Each structure stands twice: as C-alpha cells, then as structure tokens.
2 protein chains.
Amino acid sequence: MRIAIDMDEVLADTMAVQLKWLNDQYGHRLTPETVRGGDLYDFIPPRQGSHLMEVLRQGDFFADLPLMDHSQTVLERLAEKHEIFIATAAMEFPGSFGPKFRWLARHFPFIDSSRIVFCGDKGILSADVLIDDTPRNLARFEGHGVLFTAPHNVNVTEYARVSGWHDIDAMFA
Amino acid sequence: MRIAIDMDEVLADTMAVQLKWLNDQYGHRLTPETVRGGDLYDFIPPRQGSHLMEVLRQGDFFADLPLMDHSQTVLERLAEKHEIFIATAAMEFPGSFGPKFRWLARHFPFIDSSRIVFCGDKGILSADVLIDDTPRNLARFEGHGVLFTAPHNVNVTEYARVSGWHDIDAMFA
C-alpha cells in the first residue's frame, strides 16, 4: 500500500513551537487545550499573527522542530511493509524548503529523499492513503483520507481519525 | 485535463547553462549536438562531473536559467483550458528549492504556487499527462507520458514525443 504522510502536526510538533514562540513573545498562556476547535490565528490579534507568519516565512523555525511521540519508531516499522511518502506544503513559506528537507533526513533517514514531496495541493498525490491533520488537504486527496488529531480539527467528523502514532500503528500494522 | 510539466529541460534550458559553465571552466566546445544520445556526464571526465554537481548543489545556478522557446506563451494558453502542475525534482540539489521556486514565480506568475510540486519520484503524481525529458520519470508515472526532446533522449522510442512548445501547443490546443 502507498501511504502519504503529512509533516507538520503529524511527524513534527509544529504547534508546540508556535505556541511557545507566541507565549514567549507576547506573554500569552496558550496551550493545545486553549486553542482547540479553531485555527491558531483565531486566538491571537492579527498583528501577532502577521508577526508569526513573518517568522515562519524565514524558515529557520522549521530547522529544529520536536518530533510527535512515537513517530520515528512507528514510521520505520510501517516503511518495512508499505511504500511511504512524506508530503508537505512549503509553498507558503519558501524559506522552509531546506530546513524541512534536512529535518526529515535527520529524523527519518530510512525514508529516501525521492519519497519526499513538497506540494501545496495534495490532490496531486497518487496514493492509497493520506494521513494529514488538515481537512482541506484530505478533501482534495483522491484516495482514503485519515485525519490526524490536532487542536484545530477536533470538531471535524468526516474522516477516519487517528489520535497519535499508536493509532496509526494499529491501523496499518 | 490535468497536465504535469517538468521544469529542467522543458520549461528551463538547464542544459545550455551547464554546457556554458563546462566550456568556460574547462575549455570544452560542448554543444547540444556534441552531447546527443547520452548523459551529459558521459561526455566529460568524472572529476569535472563532480565539480559540476557541486556547483548545482549550491543552487544559485538555478536562479537565472534561460527559458525554453515559447514556453511562457504556450503554457499560459494551456493553463486557460487545463489544470497545470509543475513537477520538478530538487532532492538531489536541496539548495535549488528556493531558486527554482522563485524562478517559476517570476516567469510563470499565472501558475499558482500550490500547483508547484517538488518530487524525486514522479510516480507519486496523480495527473492525466506528464511532459518530461527523462524517460525514467515517464516510466514511473501512471498516466500518459509525453517525452520532451532533449539531447540525451533522442534515441528513446517508447513515448509520444514533442520537440518543443509548438508541438505541445498543437497536441493540447
């Protein structure tokens, strides 16, 4: 089976770093719980959102993201049985191409670089399954979409859902 | 119809710049005609090939590539009738992500950035047609492959062939 896997919020805990940056920068006390059910930008003033976007655009932000729990071990096991592609958008923040590519090579060395795809529209992917935290991406994908739980998508009901890498392990083992 | 289009040797005359660099650097008199029927690296000593690879890896090389004749006008016309994606490999030269992305935005502003795909394995593309100069890419692609003539592929006979953008215009008008 060919499984395409999103990077931000699925392999990498991009949210944690964004919350920490906002808390440090602006004295918020944001946690994954306080931003549940909406887009992160809905919980902060527009000017702070623009500032965060500016920081993301520079790309360095993506160089040192923490891993989602168990993503390495489960993905390595999955890669023995299935054809794994990592599909990540970087078009909004072109400075992130290099840092994302290097981050993936460092943490997931068992995924060949030819299996990394940067694409803004996941409708272009030819795969059986896409695991992604963004409902919009799953809606455009032609195969079977699996929603990876993130604060912003807790109220979405249209897709099969996994709430972490142990769930993925159970689903595709 | 969804048409995926390769960048190097199809939209951009990457070969011209490589030949010029080799001629300037090493005093060759290479032309597209003298490197027909084989990989460029077959026509130069391995050490010069390594040097070229090193220069490509830095990525600046891709910032100012010349356009293939008529690529802008024909692609703009095609984009009115078809869903166009640009699919280009940058994994071998990660420094080229940014320069390639900016080159595409500058010369093909009518292609939305979400329609740009960086992928090493074109088998991941879900499209009706792929236009590419590399037979290996067409072999992995699941849709209809169209070979764009380049010096290295003149002896390949397995695919429908176009020898320039006027041919593409005639094929998909």
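Quick caveat: nothing in here was measured; it's all calculated off a predicted structure.

A. Examining the relation of the copies chain B and chain A more closely. Laying chain B over chain A is done by rotating through 180° and shifting 0.0 Å along the axis; what remains is an RMSD of 0.0 Å. Here the symmetry operator amounts to a two-fold rotation axis. Comparing interface residues between copies, 100% of those in chain B also lie at the interface in chain A; the contact surface is shared.

B. Examining the pattern of salt bridges more closely. Considering all chains together, one arrives at 22 salt bridges over all chains under this definition. Asp169(A) is paired through a salt bridge with Arg77(A); the nearest N and O atoms lie 2.5 Å apart. You can see Asp169(A) sitting in helix H6 (residues 165-172) and its partner Arg77(A) sitting in helix H3 (residues 71-81), a full 92 residues away along the chain. Take Arg77(A): its relative accessible area is 42%, and that puts it in the partly exposed class. Note that Lys122(B) is salt-bridged to Asp132(B), the shortest N-O span being 2.7 Å. In this pair, Lys122(B) sits in the loop between strand E3 (116-119) and strand E4 (129-132) while Asp132(B) sits in strand E4, placing the two residues ten residues apart along the sequence. Salt bridges here are not isolated pairs; linked through shared partners, they connect Arg2(A), Glu83(A), Arg115(A) and Glu142(B).

C. Structural view of the pairing of strand E1 (residues 2-5) of chain A. All names here are of chain A. Side-chain alternation along E1 places Arg2 and Ala4 on one buried face and Ile3 and Ile5 on a second face that is also buried. Pairing analysis gives four bridges linking E1 to strand E2 (residues 83-88), with the strands arranged parallel. By the bridge assignment, Ile3 is partnered in E2 with Ile84. For E1 and strand E4 (residues 129-132), the ladder comprises three bridges, and the chain directions are parallel. Looking at E4, one finds that Ala4 is bridged to Leu130.

D. Main features of the packing of H3(A) against H6(A). Residue and element names in this part refer to chain A. Contact geometry of H3 with H6 gives a least axis separation of 9 Å together with a crossing angle of 15°. Judged by the angle between their axes, H3 and H6 are roughly parallel. Here H3 runs over H6; the crossing is left-handed. In this structure, H3 uses Ser71, Val74, Leu75, Arg77, Leu78 and Lys81 to contact H6, whose residues at the interface are Trp165, Ile168, Asp169 and Phe172. Of the residues contributing to the contact of H3 with H6, the split by class is six nonpolar, one polar and three charged.

Rules and cut-offs
Residues numbered from 1 in each chain as written. Chains lettered and ligands numbered in written order. Predicted model: local features only at pLDDT ≥ 70, side-chain atom pairs only at ≥ 80, totals over all residues. Heavy atoms only, no water. Least-squares fit on C-alpha atoms with pLDDT ≥ 70 in both. Contact = heavy atoms within 4.5 Å. Salt bridge = Lys/Arg side-chain N within 4 Å of Asp/Glu carboxyl O. Helix = DSSP H or I, 4+ residues; strand = E, 2+ residues; numbered from the N terminus. Buried < 20%, exposed > 50% of the residue type's maximum accessible area, 1.4 Å probe, protein only. Pairing = 2+ DSSP bridges. Axes fitted to C-alpha atoms, helices over the stretch in contact; angles between N-to-C directions. Parallel < 35°, antiparallel > 145°, perpendicular 65-115°, else oblique. Left-handed = near helix turned anticlockwise from the far one by under 90°. Nonpolar A, V, L, I, M, F, W, Y, C, P; charged D, E, K, R; others polar.

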